[in-house]
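Per-entry structural report
Here is what each chain is made of, one letter per residue.
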Amino acid sequence: MVSIEEKLIKRIKKGDRDAFPELVELYKDKIYHVAYRMLGNAQEAEDIAQETFIRVYANLENYDPNYKFSTWIYRIATNLCIDLLRKRKQSVYSLDKTMEGAEGVDWHDRLADPDLGPEDKLLEGEFHGQVQKAIDSLSPKYRSIMILRYLEDLSLNEISEALKLPITTIKTRIHRGREALKKKLNF
Amino acid sequence: MNCHQANELIHSYLDEDLTEHEQSELKQHLCQCVDCRTHFHGLRQVIVFLQSASHVYAPENFTEKVMAQLPKDTMLQVWKKRLHRHPLLVAASLFILLMAGSSYSLWADDKQFLLTTPGPEHLQINSDKNIVIVPVNQTVAGDIVIRNGDIKVEGTVEGNVVAIDGHIYLASTGHITGEKEEISQAVEWVWYNLKQTVMNLTY
């Protein structure tokens, strides 16, 4: 059984100009969603998702058909997101830095308290962007795995293939990710 | 089973990674231990919470924007792709192109001056300038064909005048009873040679 992706990739390699947009249509929502959840920002998510497809086009010759196309494209997207998060971390002013001229006061004190009242916590789902806030609290290496597992519904094997990490590592990170979120969310 | 071991099993259970035996062992522990039960429910809530995330969709014109950013194919790539898709067609067109080129050079080499006429005695022939003159008061009965040269008709030709790769000049005193035709032979020559080559290949 040949998948739709495999057929499309064959057509792209043969030079069929109509096949690539079909492949983009097939994956654009998945890739945009992953990028959006990784970055928590619509504009950056769109840029990264666009870049993902450009890389797919440029590197299609290197794609190994023995692996699922979906895991390959997820790998490109998550790597681009992690690179961007790393760059962002380097350029952003650290919140832990003490404010000049104000002993003992750091930038955390200047931010509005993001925690919601207990009544809001009873509300499920996306209310007040709680899911995004919880995901943002994880470090990128846990974030990517939790997103792929629970938002994109990939199996542990698929995640292991996508991130090129042994399945034992994936399991350990999922366990720690669940524990961290439970603590964060007070569940 | 202690609580630490139970926690390991809880995570394996959430990963759908437990044998039936392990499952029943875990169940037994959870029935007895309130702390582990609370912990287990908390972790399950985390999963449900994450799964409740609404799906976001790619913005409008996403695909068009991607396509606009793709590198344009160079001429070489275009031909490579065509070769990949239609190898026979490309080979055939290349063959025709080369054949046409060689036929044309054959034709271009063949610049000999030729004259066919029923009455050469009536004509003035200047082979240096490749020009034939039908003088005034002279009459040629029949067709004149000239190749790679010009013809100037001052007298009368009772027939057709054909100049292949040449010009026909008709003076005011001149008269041609038949057709007057100038042919550029390059195209026909190439076509003829191609036909000959293909015939030779097929038989």
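Coordinates for the structure precede this section.
First, a word on what this report is: a plain description of the structure on this page. For clarity, every value in this text was computed on a predicted model and none was experimentally measured. (Residues numbered from 1 in each chain as written. Chains lettered and ligands numbered in written order. Predicted model: local features only at pLDDT ≥ 70, side-chain atom pairs only at ≥ 80, totals over all residues. Heavy atoms only, no water.)

With respect to the sheet that holds strand β7 (residues 156-158) of chain B
All names here are of chain B. One open sheet accounts for three strands, arranged β4-β7-β10; its pairing is parallel. Edge positions in the sheet fall to β4 (139-141) and β10 (175-176), since each of these pairs with one other strand and no more. Sheet topology note: the β4/β7 ladder contains three bridges and is parallel. Across the sheet, the residue bridging to A141 is E158, located in β7. (Pairing = 2+ DSSP bridges. Helix = DSSP H or I, 4+ residues; strand = E, 2+ residues; numbered from the N terminus.)

Focus: the pairing of strand β8 (residues 161-164) of chain B
All names here are of chain B. What you see with β8 is no split at all: V161 and A163 on one side and V162 and I164 on the other are buried throughout. Here strand β5 (residues 144-147) runs beside β8; their pairing, made up of four bridges, is parallel. When the bridges of β8 are listed, I144 appears paired with V161. Summarising the sheet, β8 and strand β11 (residues 180-183) pair through four bridges and their orientation is parallel. Paired with V162 across the two strands is E181, which belongs to β11. (Buried < 20%, exposed > 50% of the residue type's maximum accessible area, 1.4 Å probe, protein only.)

Observations concerning the packing of helix α9 (residues 167-185) of chain A against helix α3 (residues 34-51) of chain B
Where α9 of chain A contacts α3 of chain B, the axes come no closer than 9 Å and their chain directions differ by 90 degrees. Taken together, α9 of chain A and α3 of chain B sit at an angle that is classed as roughly perpendicular. On the side of α9 of chain A, the interface is formed by R178, E179, L181, K182 and L185 of chain A, while α3 of chain B contributes H39, G42, L43, V46, I47, F49 and L50 of chain B. Among the residues making up the contact of α9 of chain A with α3 of chain B, the classes are represented as seven nonpolar, two polar and three charged. (Axes fitted to C-alpha atoms, helices over the stretch in contact; angles between N-to-C directions. Parallel < 35°, antiparallel > 145°, perpendicular 65-115°, else oblique. Contact = heavy atoms within 4.5 Å. Nonpolar A, V, L, I, M, F, W, Y, C, P; charged D, E, K, R; others polar.)

Remarks on α3 of chain B
Counted at 1.5 Å a residue, the expected span for α3 of chain B with its 18 residues is 26 Å, and the 26 Å between its end C-alpha atoms agrees. Among all positions of α3 of chain B, only C36, F40, G42, L43, V46, I47, F49 and L50 of chain B are buried. (Expected span 1.5 Å × (residues − 1).)

Some words on the nonpolar core
Of all hydrophobic cores here, the largest spans 75 residues; its most connected members are F20, F53, V56 and F69 of chain A together with L50 of chain B. At eleven residues, helix α2 (residues 19-39) of chain A tops the list of elements feeding residues into this core. Contacts of V56 of chain A, omitting those with residues within four sequence positions, involve F20, L23, F69, W72, I73 and I76 of chain A. Judged by nonpolar contacts, the second largest core, of 13 residues, contains V134, V140, V157 and A163 of chain B. (Core = buried A, V, L, I, M, F, W, Y, C linked by side-chain atoms within 4.5 Å.)

Quick look at the packing of aromatic side chains
All names here are of chain A. Enumeration according to the criterion identifies nine aromatic pairs over all chains in this entry. Centre to centre, the rings of Y63 and F69 are 5.7 Å apart; their planes meet at 85 degrees, and the pair counts as edge-to-face. A relative accessible area of 5% places F69 in the buried class. Grouped by ring-pair contacts, the aromatic residues Y27, Y63, F69 and W72 constitute a single cluster. Across from the ring centre of Y27, 5.2 Å away, lies the NZ or CZ of K30, which sits over that ring. (Phe/Tyr/Trp six-rings, centres within 6.5 Å; stacked < 30°, edge-to-face > 60°. Lys NZ or Arg CZ within 6 Å of the ring centre and 35° of its normal.)

Considering the side chain of R178 of chain A
Here R178 of chain A lies in helix α9. Classification of R178 of chain A by relative accessible area gives buried; the value is 0%. A distance of 3.0 Å separates the side chain of R178 of chain A from the side chain of D15 of chain B, its partner in a polar contact. Here R178 of chain A is in contact with M146 and Y150 of chain A together with H11, L14, D15, L43, V46 and I47 of chain B, once residues within four sequence places are set aside. (Polar contact = N/O pair within 3.5 Å; in protein donor to acceptor, adjacent residues only side chain to side chain.)

With respect to the packing of helix α8 (residues 156-163) of chain A against α9 of chain A
Residues and elements named next belong to chain A. Two numbers describe how α8 lies on α9: the axes approach to 9 Å, and their chain directions differ by 110 degrees. Between α8 and α9, the crossing angle belongs to the class labelled roughly perpendicular. Taken as a pair, α8 and α9 cross one another with a handedness that is right-handed. Counted together, L156, N157, I159, S160 and L163 of α8 and I167, I170, K171 and I174 of α9 form the full contact between these two elements. Of the residues in the contact of α8 with α9, the class split is six nonpolar, two polar and one charged. (Left-handed = near helix turned anticlockwise from the far one by under 90°.)

Some details on the interface of chain B and chain A
One frequently used descriptor of interface size is the decrease in accessible area upon assembly of the parts. Taken together, the contact pairs 36 residues of chain B with 40 residues of chain A. The contact between chain B and chain A buries some 3900 Å² in all, and 65% of this surface belongs to carbon and sulfur atoms. By the criterion of area lost to chain A, the three top residues of chain B are F49, L50 and F62 of chain B, representing 18% of everything that side buries. Where chain B packs against chain A, one counts three salt bridges. Salt-bridge contacts for K65 of chain B lead to E46 of chain A; the nearest nitrogen and oxygen are separated by 2.8 Å. Counting every contact that joins chain B to chain A gives 15 residue pairs in polar contact (both at pLDDT 80 or more). Listing elements by their share of the side of chain B that touches chain A, those giving two or more residues are α1 (3-14), α3, α4 (62-69) and α5 (75-85) of chain B. Examining the composition of the side of chain B that touches chain A, we find that ten residues originate from one element, α3 of chain B, more than from any other. Split into classes, the residues belonging to the side of chain B that touches chain A amount to 17 nonpolar, 13 polar and six charged. (Buried area = accessible area lost by both parts, 1.4 Å probe. Salt bridge = Lys/Arg side-chain N within 4 Å of Asp/Glu carboxyl O.)

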